[in-house]
Amino acid sequence: MSKRGQTSIEELFILIIILAGAMVVIPGYLDNDAKASVVVHVKDVTREGCDYLNLGVIINESKYAPLNGIINSSVRCFLKRISFEENKSEINVTIYVESNANVSEALKEFIINSLREREGFSYSNGVLSYRGIKVKVEVLES
């Protein structure tokens, strides 16, 4: 009987060590995962906006409204790169695009509006956030 009790205590001890390890590792992983997800979503939405501008065809959907005002057959937009700075409660995403027209404000509005519709993102009082992390978007042209 004492061997069974000792084995149970050993198994319980091992289980506690495994759970403690998971509690240390998982929050950091989820935090990095959220920040990586933001960059992936921003990149996807930016490419969609540039592709829409390059196509030159107006679609009467509310999400494209910011881009419809600047669209014409000669507008060209290309995503050059995305950089981001982060801290525990905020991610600053800077998107660099190449364009032959002034598209930065319209593209920024399109990006924010599109992200608002995606799972995990929320928008209130002029602040975009992803799972509690504040997201600031800036679009720069070259």
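Residues numbered from 1 in each chain as written. Predicted model: local features only at pLDDT ≥ 70, side-chain atom pairs only at ≥ 80, totals over all residues. Heavy atoms only, no water.

## A short note on the overall build of the protein
Then, number 1: Helix and strand content of the protein: 3 helices and 5 strands.
Then, number 2: Counted from the first residue to the last, the protein has its helices and strands arranged as α-α-β-β-α-β-β-β.
Then, number 3: A compact globule built from 142 residues would reach a C-alpha radius of gyration of about 14 Å, whereas the protein, at 23 Å, exceeds it by more than 25%.
Then, number 4: The dimensions of the protein, computed from C-alpha atoms along their principal axes, are 85 × 30 × 30 Å.
Then, number 5: Across the 142 residues of the protein, 31% fall into the buried class. (Helix = DSSP H or I, 4+ residues; strand = E, 2+ residues; numbered from the N terminus. Rg over C-alpha atoms; globule rule 2.2 N^0.38 Å. Buried < 20%, exposed > 50% of the residue type's maximum accessible area, 1.4 Å probe, protein only.)

## What to know about helix α3 (residues 104–116)
Then, number 1: Across its 13 residues, α3 extends 18 Å between first and last C-alpha, which sits within 8% of the 18 Å expected from 1.5 Å per residue.
Then, number 2: What α3 keeps buried is the set S104, A106, L107, F110, I111, I112, S114 and L115. (Expected span 1.5 Å × (residues − 1).)

## Description of the sheet that holds strand β3 (residues 121–124)
Then, number 1: The 5 strands lie next to each other as β1-β2-β5-β4-β3, forming an open sheet whose pairing is mixed. Of all strands in the sheet, those with a lone pairing partner are β1 (77–87) and β3, marking the two edges. Between one strand and the next, the sheet's axes are offset by a mean angle of 30°, whatever the strand orientation.
Then, number 2: Bridging between strand β2 (residues 90–99) and strand β5 (residues 133–141) involves 8 bridges; their strand directions are parallel. Residue I91 lies in a different strand from β5, and its bridge partner there is V135. (Pairing = 2+ DSSP bridges. Axes fitted to C-alpha atoms, helices over the stretch in contact; angles between N-to-C directions.)

## Thoughts on the pairing of β2
Then, number 1: Along β2, 7 of the 10 residues are buried, which leaves the element largely enclosed by surrounding structure.
Then, number 2: Pairing geometry for β1 and β2, over 10 bridges, is antiparallel. Along β2, the bridge assignment pairs L79 with V97.
Then, number 3: Where β1 hands over to β2, the hairpin turn is made up of 2 residues, counted between the paired strands.

## Remarks on the state of the cysteines
Then, number 1: Inspection of the entire model under this criterion finds 1 disulfide.
Then, number 2: Covalent S-S linkage joins C50 and C77, the inter-sulfur distance amounting to 2.2 Å. With C50 in helix α1 (residues 2–55) and C77 in strand β1, the pair connects residues that are 27 residues apart, well separated along the chain.
Then, number 3: Among the residues examined, C50 registers a relative accessible area of 3% and is labelled buried.
Then, number 4: By relative accessible area, which is 1% here, C77 ends up buried. (Disulfide = S-S within 2.5 Å.)

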